[in-house]
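The lines below spell out each chain.
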Amino acid sequence: MPPKFKFTKEEIIESAFTIVRCKGWDALSTRLLAAELGTSSRPIYSFFKSIKELEEEIVKRAVDILHAYMIQERTGNPWHDHGIGYVLFAMEERSLFRSITDETHITLFKKYGDAIWDALTESLATYPPFQGLTSDQIYQIQMHRWLFAHGLAFSASNPPPETWTPDNIVAVIQSGSQAIYTGLLDQFRSSTQTPSTERGRYAKKRSEKNGATDRRPAGQRDASSGKREGV
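Every value quoted in this text rests on a predicted model; they were computed, and no experiment measured them. (Residues numbered from 1 in each chain as written. Predicted model: local features only at pLDDT ≥ 70, side-chain atom pairs only at ≥ 80, totals over all residues. Heavy atoms only, no water.)

> Lay out the overall build of the chain with the relevant residues and their values.
For the chain, the count of helices and strands is 11 helices and 0 strands. What you see in the chain, going N to C, is helices and strands ordered as α-α-α-α-α-α-α-α-α-α-α. The buried share of the chain, taken over its 231 residues, is 35%. Of all intrachain contacts in the chain linking residues separated by at least 6 positions in sequence, the fraction that spans at least 24 positions is 69%. Total accessible area on the chain stands at roughly 14,400 Å², and carbon and sulfur atoms take up 53% of it. (Helix = DSSP H or I, 4+ residues; strand = E, 2+ residues; numbered from the N terminus. Buried < 20%, exposed > 50% of the residue type's maximum accessible area, 1.4 Å probe, protein only. Contact = heavy atoms within 4.5 Å. Areas by Shrake-Rupley, 256 points an atom, 1.4 Å probe, with all protein chains shown as cover.)

Structure representation (structure tokens):
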């Protein structure tokens, strides 16, 4: 008959999560966790094969909180709100943000963060500014804005005193998102120009230029043109 413990697996995760949330990974150890639970470290390994398995549960919980930040309505523009929530999470949950994006745990962050990416992208299926764009174009816009927000999040998670406030984070994400969107939209439109269309425009401009610079009477222009054609 398996031994009965005074605590559950969920309680272990909750205690470990609280430690990391307040003090980071360096503070997490089976000894400290056991002290928090009022037991020895041995029962902890009855629920988890290794401390790495416990760390993965902590990352999953942190990503759930990040998701909640990103879907919270703040401005009425859901795409902007996603970016704002990402940066506010980094500012208000600094230890968690640094913990899930460090070199050791970034792979786990990507593993569970990809599910957030998919869910948020799906939620923007009817977002008016994205209508008429291909899935690849939407991905490019999303990726560029994520890179922008991720860099801002790192700054907000470790800022000099009084550098960032929720209000200026909102303002920066809104202006940055709009700049990324309009810039890439212009790029998408210009890339749809076919070579024949470009040649046609060039020929028209050249013709207009020649007509403007050649001030001879029309008859002389026609005669000289015909002579050139006959040569």
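> Describe the packing of helix H4 (residues 51-71) against helix H5 (residues 78-92), with residues and values.
Across the interface, H4 lies against H5 with an axial gap of 7 Å and an inter-helix angle of 130°. Considering the angle they form, H4 stands oblique to H5. Note on packing geometry: the crossing formed by H4 with H5 is right-handed. When H4 is examined against H5, the residues Ala62, Ile65, Leu66, Tyr69 and Met70 are found in contact with a partner set consisting of Asp81, His82, Gly85, Tyr86, Leu88, Phe89 and Glu92. Of the residues contributing to the contact of H4 with H5, the split by class is 8 nonpolar, 2 polar and 2 charged. (Axes fitted to C-alpha atoms, helices over the stretch in contact; angles between N-to-C directions. Parallel < 35°, antiparallel > 145°, perpendicular 65-115°, else oblique. Left-handed = near helix turned anticlockwise from the far one by under 90°. Nonpolar A, V, L, I, M, F, W, Y, C, P; charged D, E, K, R; others polar.)

> Got a sec to walk through the environment of Ser190? Specific residues and values, please.
Tracing the backbone shows Ser190 in helix H9 (residues 166-191). The exposure class assigned to Ser190 is partly exposed, which follows from its relative accessible area of 47%. Within the structure, Ser190 has its side chain in polar contact with the backbone oxygen of Gln187 (distance 2.9 Å). (Polar contact = N/O pair within 3.5 Å; in protein donor to acceptor, adjacent residues only side chain to side chain.)

> Give a description of H5 that names residues and reports values.
Across its 15 residues, H5 extends 20 Å between first and last C-alpha, which sits within 8% of the 21 Å expected from 1.5 Å per residue. Of all 15 residues in H5, 13 are buried; the element is thus mostly enclosed. The opening residue of H5, the one whose side-chain oxygen lies 3.1 Å from the backbone nitrogen of Trp79, is Asn77. (Expected span 1.5 Å × (residues − 1).)

> Please provide a residue-by-residue account of the packing of aromatic side chains, values included.
Scanning all chains against the criterion turns up 9 aromatic pairs. Pairing Trp79 with Phe130 gives two aromatic rings, centres 5.5 Å apart and planes at 65°, and the pair type is edge-to-face. Placement of the pair is Trp79 in helix H5 and Phe130 in the loop between helix H7 (106-123) and helix H8 (135-157), with a sequence separation of 51 residues. You can call Trp79 buried: its relative accessible area is 1%. Judged by centre distance (6.0 Å) and plane angle (90°), the ring pair of Tyr86 and Phe97 falls under edge-to-face. In this pair, Tyr86 is assigned in helix H5 and Phe97 in helix H6 (residues 94-100), connecting sequence segments 11 residues apart. Classification of Tyr86 as buried rests on a relative accessible area of 3%. In this structure Phe97 comes out as buried when scored by relative accessible area, which is 1%. (Phe/Tyr/Trp six-rings, centres within 6.5 Å; stacked < 30°, edge-to-face > 60°.)

> Could you give an account of the nonpolar core, naming the residues involved and the relevant values?
By size, the foremost hydrophobic cluster in this structure holds 44 residues, and its most contacted members are Ile12, Leu33, Leu54, Ile58, Tyr86, Val87 and Phe89. Elements supplying a minimum of two residues to this core: helix H1 (9-23), helix H2 (30-37), H4, H5, H6, H7, H8 and H9. Per-element accounting of this core gives the leading share, 9 residues, to H4. (Core = buried A, V, L, I, M, F, W, Y, C linked by side-chain atoms within 4.5 Å.)

> Tell me what's going on with H4, and back it up with residues and numbers.
For H4, with 21 residues, the first-to-last C-alpha span of 31 Å sits near the 30 Å given by 1.5 Å per residue. Inspection of H4 places Leu54, Glu55, Ile58, Val59, Arg61, Ala62, Val63, Ile65, Leu66, Tyr69 and Met70 among the buried residues, and these make up the whole buried set. Residues of H4 that are buried make contact with H1, H2, H5, H6 and H7.

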